[in-house]
Amino acid sequence: MRIVLDEIEFTKEKVKVFSGISCSFKTGVTYVIGNNGAGKSELLKIISTAIIPDKGTITYTKLIRDKKVGTYRKHLSTEEVRKVVGFMPQHFTGYPEMTIERYLTYMAFQKGIPHKLIKSLLNEWVTDANLVELKRRKLRNLSGGERQKVGLIQALINQPRICILDEPFEGLDTQEKHFFNRAIQRLSFHSVIIISTHLVEEIERSIDVSILNMENGELSYINSVDELSEMKSLLTNIEK
């Protein structure tokens, strides 16, 4: 899977968030970092097809191997993209009046998981995420960290080919971060993972990742973790 952005522009409430954004994403993990208000959330929403840019194009392609035609890249329509996207917004709420169990069952069904597999799959996720005792509690009654775990599960549950997570580890303890990081790393072998975060120290523990810095409406690639470390002094006002 490959995602290519070409000269993307976006304006929010008559203020230009970014202009002329061009970059690409491939299989593996890409972190997007930047200062408060830099436009990270808007960029992720655009990539997820949740909002439409004012100008520019986004191309989604996947590699197809055909015995008759050979190998080629197929362009995906918006509807095709939405079927393979897992998205967690920064301020995840889900459906507040639903219980964890009902909400995740609904989302699993919406994502095309066979009905006969949903119950066992959900049991596995809520057990590993320490949500078993809370599964009949409504989302509106959860703590921030508990709700965050539900948001991560709904984004990851169908093994999406494109997974977009906006500040996913807010409110999670070390053990919980480790669990979801392992799930994300496993998924990254065959999927495009895009994560917006201000937790620079989490990125430093990762090895094979790409890093994009958004500043003043522009994106720049960071070549290595060492370069990221050098930039940390410039990111003291990074979004929290």
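Heads up: these notes are all about the structure in this document. (Residues numbered from 1 in each chain as written. Predicted model: local features only at pLDDT ≥ 70, side-chain atom pairs only at ≥ 80, totals over all residues. Heavy atoms only, no water.)

Looking only at helices and strands, the protein chain has 8 helices and 10 strands in total. In terms of overall dimensions, the protein chain is globule-like: its C-alpha atoms have a radius of gyration of 18 Å, near the 18 Å expected for 240 residues. For the protein chain, the residues scored as buried account for 47% of the 240 residues in total. For the protein chain, contacts bridging at least 24 residues in sequence account for 68% of all contacts bridging at least 6. Carbon and sulfur atoms make up 48% of the accessible area of the protein chain, which totals about 13000 Å². Measuring between centres, the 34 positive side-chain charges of the protein chain sit 9 Å from its 30 negative side-chain charges. (Helix = DSSP H or I, 4+ residues; strand = E, 2+ residues; numbered from the N terminus. Rg over C-alpha atoms; globule rule 2.2 N^0.38 Å. Buried < 20%, exposed > 50% of the residue type's maximum accessible area, 1.4 Å probe, protein only. Contact = heavy atoms within 4.5 Å. Areas by Shrake-Rupley, 256 points an atom, 1.4 Å probe, with all protein chains shown as cover. Lys, Arg positive; Asp, Glu negative; His and termini not counted. Charge placed at Lys NZ, Arg CZ, Asp CG, Glu CD.)

The next thing to look at is the packing of helix H5 (residues 144-156) against helix H6 (residues 174-187). Orientation of H5 relative to H6, taken along the N-to-C sense of each, is 15°, at an axis distance of 12 Å. Comparing their axes, H6 and H5 come out roughly parallel. Between H5 and H6 lies a crossing of left-handed hand. Residues Lys149, Leu152, Ile153 and Leu156 of H5 lie in contact with H6, whose contacting residues are Glu176, Phe180, Ala183, Ile184 and Leu187. (Axes fitted to C-alpha atoms, helices over the stretch in contact; angles between N-to-C directions. Parallel < 35°, antiparallel > 145°, perpendicular 65-115°, else oblique. Left-handed = near helix turned anticlockwise from the far one by under 90°.)

The terminal C-alpha atoms of helix H4 (residues 115-128), which comprises 14 residues, lie 21 Å apart, in line with the 20 Å expected from a rise of 1.5 Å per residue. Inspection of H4 places Ile118, Leu122, Trp125 and Val126 among the buried residues, and these make up the whole buried set. Where H4 is buried, its residues contact helix H3 (100-110), H5 and H6. At the exit of H4 stands asparagine 130, carrying a positive phi of roughly 60°. (Expected span 1.5 Å × (residues − 1).)

Here phenylalanine 179 is to be found in helix H6. Take phenylalanine 179: its relative accessible area is 12%, and that puts it in the buried class. Non-local contacts of phenylalanine 179, meaning those with residues more than four positions away in its chain, are made with Trp125, Asp128 and Ala129.

We describe a pair of aromatic rings using the distance from one ring centre to the other and the angle between the two ring planes. Per the stated rule, a full pass over the model turns up 7 aromatic pairs. Taken together, a centroid distance of 5.9 Å and an interplanar angle of 65° make the contact between tyrosine 95 and tyrosine 103 edge-to-face. Note on tyrosine 103: relative accessible area 4%, which makes it buried. Site record: aromatic cluster; members linked through ring pairs are Phe92, Tyr95, Tyr103 and Tyr106. (Phe/Tyr/Trp six-rings, centres within 6.5 Å; stacked < 30°, edge-to-face > 60°.)

This part covers the sheet that holds strand S2 (residues 15-26). Adjacent strands of a sheet pair through backbone hydrogen bonds, lying either parallel or antiparallel. If you walk across this open sheet you meet the 4 strands as S2-S1-S4-S5, and the pairing is antiparallel. Of all the strands in the sheet, the pair left with one neighbour each is S2 and strand S5 (70-75). For this sheet, the mean angle separating the axes of adjacent strands, direction not counted, is 20°. Examined bridge by bridge, strand S4 (residues 55-66) and S5 share 6 bridges and lie antiparallel to one another. Residue pairing across strands places leucine 63 opposite arginine 73, the latter belonging to S5. (Pairing = 2+ DSSP bridges.)

A few words on the packing of H3 against H5. As a packed pair, H3 and H5 sit with axes 9 Å apart at the nearest point and diverge in direction by 20°. Between H3 and H5, the angle falls in the class roughly parallel. H5 is crossed by H3, and the crossing has right-handed handedness. On H5, the residues that touch Ile100, Tyr103, Leu104 and Met107 of H3 are Val150, Ile153 and Gln154. Considered class by class, the residues forming the contact of H3 with H5 number 6 nonpolar, 1 polar and no charged. (Nonpolar A, V, L, I, M, F, W, Y, C, P; charged D, E, K, R; others polar.)

Looking now at the nonpolar core. Of all hydrophobic cores here, the largest spans 41 residues; its most connected members are Ile100, Val150 and Phe180. Going through the elements one at a time, strand S3 (28-34), H3, H4, H5, strand S7 (162-166), H6 and strand S8 (192-196) are the ones with two or more residues in this core. With residues up to four places along the chain from it excluded, the contact list for isoleucine 100 reads Val126, Leu131, Leu134, Lys135, Arg137, Leu139, Leu142 and Val150. Core analysis: the second largest hydrophobic core is formed by 26 residues, Leu5, Ile21, Cys23 and Phe25 among them. (Core = buried A, V, L, I, M, F, W, Y, C linked by side-chain atoms within 4.5 Å.)

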